[in-house]
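Understanding the architecture of this molecule
The primary structure of each chain is shown beneath.
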Amino acid sequence: MKILTNLAGSLLLFFALFPAWAGVVEAYERGGTLVLITETSLVATGGNVSAGSDASADCTVAAEIPVFNQWRKVSSIQSEPTSDVRMLSRKSGQVLEIVSLDVFGYCGLRSDFLGAYRKVKVDRSAISSVRAILVAAHEAALDASKLRGAADAASLMRPFAGLADFSLAFDQKELASACSFTNDYGYFLQQSHQESASIPPLLSVVHACPGRTVAYLNLGDSYWAVGDAASASLFYQRYIDLLRETGRIKTAPRRVFVRTRMQSEAPAGR
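The text that follows walks through the structure, step by step, so that each part is easy to find. As the structure is a prediction and not an experimental result, all values here were calculated from the model. Starting afresh in each chain, residues are numbered from 1 along the sequence in its written order. It should be noted that, the model being predicted, local features are given only for residues of pLDDT at least 70 and side-chain atom pairs only at 80 or more, the latter also being counted only at that level, while totals for whole chains, interfaces and linings use all residues. In computing side-chain values, all of the structure's heavy atoms are included and hydrogens and water are not.

1. Things to note about the packing of aromatic side chains
A pair of aromatic rings is counted whenever rings of Phe, Tyr or Trp (Trp by its six-membered ring) have centres within 6.5 Å, and the orientation is called stacked for planes under 30 degrees apart, edge-to-face for over 60 and tilted otherwise. Within this structure, the stated rule accounts for three aromatic pairs. With centroids separated by 5.9 Å and ring planes inclined at 55°, the aromatic side chains of Tyr187 and Phe188 adopt a geometry described as tilted. Three exposure classes are used, based on accessible area relative to the maximum for each residue type with a 1.4 Å probe and protein chains only: buried under 20%, partly exposed in between, and exposed over 50%. Overall, the relative accessible area of 33% leaves Tyr187 in the partly exposed class. A relative accessible area of 6% means that Phe188 is categorised as buried. Ring-pair connections join several aromatic residues into one group, and the members of that group are Tyr216, Tyr223 and Phe235. Positioned over the ring face of Tyr117 is Arg30, at 5.9 Å from the centre of the ring. Both a distance and an angle decide whether a charge sits over a ring: NZ of Lys or CZ of Arg must be within 6 Å of the ring centre and within 35 degrees of the ring normal.

Here you go:
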């Protein structure tokens with residue numbers, strides 16, 4: 001019981017010291033198009049068609065920060081780029097304006113994101129859009145990982161990662177989607193030798209979804225890779241405990257037990 005108490009206390013300390021994961025800061029709307037500003041990116045979804053068109057054009061694009069008054073490279077969920085697409089945007093008061101964005105090669109021919117957007121509240125409709133974007137980006141990243149590897153998958157997910165904002169009033173389905181997306185984002189970073197970068201998103205997952213067993217394994221592996229054996233052992237042990245609770249201990253990789261034992265046998269102060 002004392003061991004479990006110490007483990008829980010150690011995990012709480014981790015979360016207390018860990019800064020909040022990037023999230024949705026502002027939302028802007030114009031017609032059927034929603035623009036979400038996170039701490040790491042600008043994400044636009046919808047794509048109002050040109051005046052006189054009689055059909056909608058759905059597309060989602062993103063640009064990493066800094067996004068205002070500078071040309072920023074744009075990525076998309078829908079397709080591979082066929083050109084070097086860039087965005088120019090600016091903000092004044094309650095209005096965001098997308099000044100230049102040629103989505104040819106990413107979106108339908110009639111897609112149009114240009115124009116002024118009015119600031120709105122991040123309401124249930126916006127949260128539903130967030131979940132839809134995360135699901136689409138996640139599926140695209142899983143495909144990318146199979147075709148081109150973890151580095152490409154992580155690169156695809158990066159501009160959308162800020163949407164996994166656990167401070168939003170997610171329902172359980174939305175929360176599960178955000179945790180699944182963020183865990184796999186952290187995993188792809190780890191698998192592409194970006195172990196240090198993988199730790200913040202993975203910590204956010206076990207904080208928001210403490211029952212997400214695999215996230216503890218991923219954290220253990222990342223901490224081990226960066227040379228923090230003590231932290232690795234902490235998360236490996238929690239991973240082991242969760243597997244035992246659900247009768248799946250035989251599925252644990254052998255390295256987890258080897259590394260946990262190595263740390264427990266290490267001289268004090270190591």
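Next, the rest of the story.
2. Considering the nonpolar core
The set of buried Ala, Val, Leu, Ile, Met, Phe, Trp, Tyr and Cys residues whose side-chain atoms join them within 4.5 Å is what this entry labels a nonpolar core. Ranked by internal contacts, the top residues of the largest apolar core, which has 54 residues, are Leu36, Phe160, Leu163, Phe181, Leu219 and Phe235. For this core, the secondary-structure elements that each account for two or more residues are strand E1 (24-30), strand E2 (33-38), helix H2 (124-148), helix H3 (150-157), helix H4 (172-191), helix H5 (195-208), helix H6 (213-225) and helix H7 (229-245). Those residues in contact with Leu36 that sit more than four places away from it in its chain are Val24, Glu26, Ala27, Ser41, Leu42, Val43, Val130, Ile133 and Leu163. Core analysis: the second largest hydrophobic core is formed by 17 residues, Ala44, Val74, Leu96 and Val103 among them. By definition, any uninterrupted DSSP run of H or I lasting at least four residues is a helix, any uninterrupted run of E lasting at least two residues is a strand, and each is numbered from the N terminus. Two residues qualify as a contact provided that any one of their heavy atoms is within 4.5 Å of a heavy atom in the partner residue.

3. Examining H3
Considered for burial, the residues of H3 that qualify are Ala150, Ala153, Ala154, Leu156 and Met157. Seen from one end, H3 has its buried residues packed into an arc of 160°, which puts them on one side. Where the residues of H3 are buried, they touch H2 and H4. Arc definition: directions from the helix axis to the C-beta atoms.

4. A look at the pattern of salt bridges
Opposite charge on two side chains lets them pair, provided their charged atoms get close. Just to be clear on terms, a salt bridge is a Lys or Arg side-chain nitrogen sitting within 4 Å of an Asp or Glu carboxyl oxygen. Under the counting rule described, the total for this entry stands at nine salt bridges. Here Glu174 and Arg124 are joined by a salt bridge, their closest N and O atoms 2.7 Å apart. You can see Glu174 sitting in helix H4 and its partner Arg124 sitting in helix H2, a full 50 residues away along the chain. Residue Arg124 is classed as partly exposed on the basis of its relative accessible area, which comes to 40%. The shortest N-O distance in the salt bridge between Asp221 and Arg255 comes to 2.7 Å. Remark: Arg255 occurs in helix H8 (residues 254-265) and Asp221 occurs in helix H6; sequence separation between them is 34 residues. Bridged by salt links that share partners, the residues Glu26, Lys91 and Lys119 form one connected network.

5. Digging into the pairing of strand E5 (residues 72-76)
For strand E4 (residues 60-64) and E5, the ladder comprises three bridges, and the chain directions are antiparallel. Its bridge partner being in E5, Val61 is matched across the sheet by Ser76. Here a strand pair is declared whenever DSSP counts at least two bridges between the two strands. Of the pairings in the sheet, the one linking E5 to strand E6 (residues 86-92) comprises two bridges and is antiparallel in character. Within the sheet, the bridge partner assigned to Arg72 lies in E6 and is Met87.

6. Considering the side chain of Thr60
Looking at the secondary structure, you find Thr60 in strand E4. A residue is classified by how much of its surface remains accessible, and Thr60, at 7% relative accessible area, is buried.

7. Examining the sheet that holds E4
The strand order around the closed barrel formed by eight strands is E1-E2-E3-E4-E5-E6-E7-E8, and the pairing between neighbours is antiparallel. Neighbouring strand axes in the sheet, compared pairwise and without regard to direction, differ in orientation by 30° on average. By the bridge criterion, four bridges tie E2 to strand E3 (residues 41-45) in an arrangement that is antiparallel. Looking across to E3, one finds that Leu34 is bridged to Thr45. Lines are fitted to the C-alpha atoms to define the axes, a helix being fitted only along its stretch in contact, and any angle between axes, read from their N-to-C directions, falls within 0 to 180 degrees. Contacts from H2 reach E2, E3 and E4, with the element oriented near 80° to E2.

8. What to know about the environment of Arg90
Summarising the element assignment, Arg90 is placed in strand E6. According to the relative accessible area criterion, Arg90 is partly exposed, its value standing at 42%. With 26 residues separating them in the primary sequence, Arg90 and Ala116 have C-alpha atoms 9.5 Å apart.

9. Brief notes about H5
Its 14 residues place the ends of H5 20 Å apart at the C-alpha level, agreeing with the 20 Å of an ideal helix rising 1.5 Å per residue. The complete set of buried residues in H5 reads Glu195, Ser198, Ile199, Pro201, Leu202, Leu203, Ser204, Val205 and Val206. An expected span of 1.5 Å times one less than the residue number is assigned to each helix.

10. Here we look at the state of the cysteines
The disulfide criterion used throughout: a pair of cysteine sulfur atoms within 2.5 Å. If you walk through the whole model with that rule in mind, you get one disulfide. Across the disulfide from Cys179 sits Cys209; the S-S distance is 1.9 Å. As the torsion about the S-S bond is roughly 80°, the Cys179-Cys209 disulfide counts as right-handed. On the criterion of sequence distance, the pair formed by Cys179 in helix H4 and Cys209 in the loop between H5 and H6 is long-range, its members being 30 residues apart. In terms of burial, Cys179 and Cys209 fall into one category: buried.

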